[in-house]
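# Secondary and tertiary structure notes
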Amino acid sequence: MNPGPDMSWEDWERIKGMIGEAIKSSTGEILVNELKKEQAKGFEDMKSWFKDQWGATEKRLEENERVTRVLKEQVKDLEKEVTFLKNELGIVNQQRMKKCIYIYGLQEERNEDRVQLIYKVVDLVQNKLKLNFSEVDMDDIERVGKVKGRRPVKVKMMSTIMADIVLRNAKNLQGERIWISKDLGKEGSENIKILRKHLGRAKHQGLKAFIKDQRLVVTNGVWWRVWSVAKLKKMEEGLKQEEERSKRPRESRECAQEEGGNVVNMAEATRQEISTVQDSGWPLHVDWSSAHVGDRSVD
């Protein structure tokens, strides 16, 4: 295309450049607008997708919360049921324990069978306790423990009444190396072992001692002293520490004695220690004129 007669080539080139710039500008605006539209559409689509995902997540959370509430209620119901069953089991165990007695110190023969054991117990109750007793009064009988020789005998009576009668007449075994105890459970049995051990220790020191209501009563004829299981355990700890100190060099031992002192021996109990033993359950009164500790309920 050529310029007209009234237009120079320079003007023509300038006009062409202006037309080209205008076309480029309009095309760019069109492209930008299209891109903006696409961007806005993509943003709306993404916004809608996130909204749908959030709604689904909220529904899942609500469902999880509902399930959690249901499970919590079920757990509460199960806890109540477990508590109820524990109480029922405790009652059943208490009833079972009331029918059971333990006989300690009854000689165990080699290859002793169940029938021989039954006859031994019947003979003991009839001749030593002076009771009208036979094998039909027993529901079950067995030796308990692993070390054979003098394993205790566990006897389950047919009734709690017979068990109470046997326990009440167990005092007739005084002076014998046999004693009878009610079923004290696992913890009570461990306590009895501790009491029996210290009972032997006290007697070995020439003191008079006996067990009553899971307490060790010790006397030398002048004073009384009552030892609870907790006190005996504490004394055992002290004796153990003393033994450990005795294994140290002399200098360390002397230093330890200065810091901690020695464990008081049962036979060396003083008047001040005997004056009142509140935890014994039996009020002790000291007569200072004769240094005698009287206790009407210990006999």
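Scroll up to find the structure this text is about.
Since we're looking at a predicted model, the values are computed, not measured. (Residues numbered from 1 in each chain as written. Predicted model: local features only at pLDDT ≥ 70, side-chain atom pairs only at ≥ 80, totals over all residues. Heavy atoms only, no water.)

### Focus on helix H4 (residues 185-204)
What counts here: Helix and strand labels come from DSSP, where a helix needs a run of H or I of at least four residues and a strand needs a run of E of at least two; each type is numbered from the N terminus. The length a helix should cover is 1.5 Å for every residue beyond the first. Any residue under 20% of the maximum accessible area for its type is buried, any over 50% is exposed, and the rest in between are partly exposed; the area is computed with a 1.4 Å probe on protein chains only. Of all possible arcs, the one meant is that of the directions from the helix axis to the C-beta atoms.
Between the first and last C-alpha of H4 there are 29 Å, a value that for 20 residues agrees with the 28 Å anticipated at 1.5 Å per step. Three or more residues of H4 are buried, namely Gly188, Asn191, Ile192, Ile194, Leu195, His198, Leu199 and Ala202. For H4, the arc enclosing every buried residue in end-on projection is 165°, short of the 170-degree limit, so these residues lie on one face. Seen from the open side of H4, the exposed residues pointing more than 90 degrees away from its buried face are Lys186, Lys193 and His204. Positioned one or two residues after H4, glycine 206 has a phi angle of 85°, which is positive.

### Thoughts on the packing of aromatic side chains
As a reminder of what qualifies: Aromatic pairs are defined between Phe, Tyr and Trp rings, using the six-membered ring for Trp, whenever the two ring centres lie within 6.5 Å; interplanar angles under 30 degrees are classed as stacked, those over 60 as edge-to-face, and all others as tilted. Two limits define a charge over a ring: the Lys NZ or Arg CZ must be within 6 Å of the ring centre, and within 35 degrees of the ring normal.
Taken as a whole and judged by the stated rule, the model has three aromatic pairs. For the ring pair tryptophan 49 and phenylalanine 50, a centre distance of 5.0 Å and an interplane angle of 75° mean the geometry is edge-to-face. On the basis of relative accessible area, phenylalanine 50 is assigned to the partly exposed category, the value being 48%. Taking the centre distance of 5.2 Å and the plane angle of 5° together, the rings of tyrosine 104 and tryptophan 179 count as stacked. Taken together, the positions of tyrosine 104 in strand E1 (residues 100-104) and tryptophan 179 in strand E4 (residues 179-182) put the pair 75 residues apart, joining distant regions of the chain. Counting every residue linked through ring pairs, the aromatic cluster contains Tyr102, Tyr104 and Trp179. Taking the ring centre of tryptophan 179 as reference, the NZ or CZ of arginine 196 above it sits at 3.4 Å. Across the ring face of tryptophan 227, the terminal group of arginine 225 is positioned such that the distance to the ring centre comes to 4.5 Å.

### Structural notes on the sheet that holds strand E5 (residues 208-212)
The criterion, for reference: When DSSP finds two or more bridges between two strands, those strands count as paired. For helices, the fitted line uses only the C-alpha atoms of the stretch in contact; every axis is such a line through C-alpha atoms, and the angle between N-to-C directions lies from 0 to 180 degrees.
Ordered in space as E5-E6-E7, the three strands form an open sheet in which the pairing is antiparallel. The open sheet terminates on both sides in strands that have one partner only, identified here as E5 and strand E7 (224-228). Geometrically, the sheet is characterised by an average inter-axis angle of 20° between neighbouring strands, direction not taken into account. When strand E6 (residues 215-219) meets E7, the two strands line up antiparallel, connected through five bridges. Bridged to valine 217 within E7 is valine 226.

### A closer look at the side chain of glutamate 112
To keep things clear, this is the line we draw: Contacts described as polar in this section are N or O atom pairs within 3.5 Å, which, within protein, must combine one atom able to donate a hydrogen with one able to accept it, while residues neighboring in sequence count only if both atoms come from side chains. Contacts between residues were defined by any pair of non-hydrogen atoms, one from each residue, lying within 4.5 Å.
Along the polypeptide, glutamate 112 turns up in the loop between E1 and helix H2 (114-128). Look at glutamate 112 and you get buried, because its relative accessible area is 18%. Of note is the side chain of glutamate 112, whose polar atom sits 2.7 Å from the side chain of lysine 120. Other than its neighbours up to four places away in sequence, glutamate 112 contacts Gln107, Leu117, Lys120 and Arg143.

### A look at helix H5 (residues 229-246)
Look at H5: 25 Å from first C-alpha to last across 18 residues, which is about the 26 Å you get at 1.5 Å a residue. Considered for burial, the residues of H5 that qualify are Val229, Leu232, Met235, Gly238 and Arg245.

### Structural notes on the side chain of aspartate 183
On the secondary structure map, aspartate 183 appears in the loop between E4 and H4. Assessed through its relative accessible area of 8%, aspartate 183 is described here as buried. Setting aside anything within four residues of it in sequence, one finds aspartate 183 in contact with Arg96, Met97, Cys100, Tyr102 and Lys154.

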